Amino acid sequence: MFDPPLVAACCAAIIAAVSIPVSVKCRLGVDERDSYEELVEFVETVSSVGVRHFIIHARKAILGLDTVKNRSVPPLRHDWVFRLRERFPQHRFTINGGIATLEAARELLAAGMDGVMIGRRANAEPYMFAGVSSLVDGRGEAPSRREVLHRYLEYALLAQRANWDGKMPEQVARLLLTPLTGLFHGTRVGARWRQVLSETMHDRQRLSTQSLPELVSSCLDGAQVSAAVLDLLPGAPSALPPSALYPSRPA
Ligand SMILES: Cc1cc2nc3c(=O)[nH]c(=O)nc-3n(C[C@H](O)[C@H](O)[C@H](O)COP(=O)(O)O)c2cc1C
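An unreviewed UniProt entry lists the protein chain under the name DUS-like FMN-binding domain-containing protein, from Coccolithus braarudii.

> Teacher, can you tell me more about the nonpolar core here?
A general tendency of soluble globular proteins is for nonpolar side chains to be buried together. Ranked by internal contacts, the top residues of the largest apolar core, which has 29 residues, are Leu-177, Leu-180, Phe-184, Trp-193 and Val-225. Those elements that place two or more of their residues in this core are helix H7 (145-162), helix H8 (169-177), helix H9 (190-201), helix H11 (212-222) and helix H12 (227-230). Excluding anything up to four places from it in sequence, Leu-180 contacts Leu-149, Tyr-152, Trp-193, Leu-197 and Val-216. Listed in part, the 28 residues of the second largest apolar core include Cys-11, Val-46, Val-81 and Ile-99.

> Before we go on, may I ask you to explain the pairing of strand S2 (residues 53-57) in this structure?
A regular strand carries its side chains on alternate faces of the sheet. Among the five residues of S2, five are classified as buried, and the element is accordingly described as predominantly covered. Neither face of S2 is left uncovered, since the one carrying His-53, Ile-55 and His-57 and the one carrying Phe-54 and Ile-56 both have all their residues buried. Crossover connection from strand S1 (residues 23-26) via helix H2 (residues 36-47) to parallel S2: handedness right-handed. Pairing of S2 with strand S3 (residues 92-96), which is carried by five bridges, proceeds in the parallel orientation. When the bridges of S3 are listed, His-53 appears paired with Arg-92. Once you follow S2 into helix H3 (residues 78-87) and on to S3, the crossover reads as right-handed.

> Explain unusual backbone geometry here, please?
With the exception of glycine, most residues fall at negative phi, and the peptide bonds are largely trans. In this model, Val-73 is joined to Pro-74 through a cis peptide bond whose omega is -10°. Along the chain, Pro-74 falls in the loop between S2 and H3. Even without being a glycine, Gln-224 presents a positive backbone phi close to 55°. Assignment of secondary structure puts Gln-224 in the loop between H11 and H12. The partly exposed category is assigned to Gln-224, whose relative accessible area is 44%.

> Would you mind going over the UniProt feature "signal peptide" (unreviewed entry) in the protein chain with me for this structure?
When the UniProt feature table is mapped onto this chain numbering, "signal peptide" (unreviewed entry) sits at residues 1-17. Taken end to end, residues 1-17 is 82% helix and 0% strand, and its first and last C-alpha atoms sit 22 Å apart.

Here is what the cut-offs are and how they apply
Residues numbered from 1 in each chain as written. Predicted model: local features only at pLDDT ≥ 70, side-chain atom pairs only at ≥ 80, totals over all residues. Heavy atoms only, no water. Core = buried A, V, L, I, M, F, W, Y, C linked by side-chain atoms within 4.5 Å. Buried < 20%, exposed > 50% of the residue type's maximum accessible area, 1.4 Å probe, protein only. Helix = DSSP H or I, 4+ residues; strand = E, 2+ residues; numbered from the N terminus. Contact = heavy atoms within 4.5 Å. Right-handed = clockwise from strand over helix to strand, strands pointing away. Pairing = 2+ DSSP bridges. UniProt positions renumbered as here; feature names shortened; annotations may be inferred.

Okay, structure coming up:
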């Protein structure tokens, strides 16, 4: 963001090379280049080569700061993204930063945003998105965690066969198990599942000899994930009575 013409030149080259829309994700500014006017200039310059969609993490970048910390400070300025939305009605703006629930996303969309990006919560609590189709079109049935696991394993097996980048089998298995870490967040087995999955991801022997469905199945057993938890749907109370949590899991 220090050099908008350079970003525009990069985008122009990308646009010339691909046949899909090119979007830009950026912050509000960087270090001392952090005024609203400079942000407007950035959007003007970059959009002049054909970028029509900006995804904006609504805080500035501080280059001396660790990137993890810079996801929480300095304070968010969602209002600047709304100002851009008004200033450039011909472009699309997706707002990002600190959005933690689908309800918050719904409110931002209702207030005029073209899109909402959710980062850390997607990582920590992926099952939150089971209810997302109702946010988009008010329809669609939310899948249970059992269905999510089933579909994810179908995808993961395809990805595993492709054996990304010639990596070792255990590395591929670990990469494919990682996104499941937060799947049971908000249920009583969330912490235990995270722990058992983490132990499995450190077990090189098992990662290289067992299939992904076998690994997941043994984690479900190890974390004592019950049928009731696997079949919970979004919005259902997660504070289940203990009796609902430990019946044996159907095969
Ligand atoms: C594990 C992780 C990796 C990320 N990697 C990138 C990245 O490669 N490029 C990027 O622009 N932002 C990256 N981000 C930042 C997010 O896209 C997002 O802008 C930031 O987390 C703020 O949104 P949030 O408050 O919803 O988390 C990453 C965030 C996390 C948690």
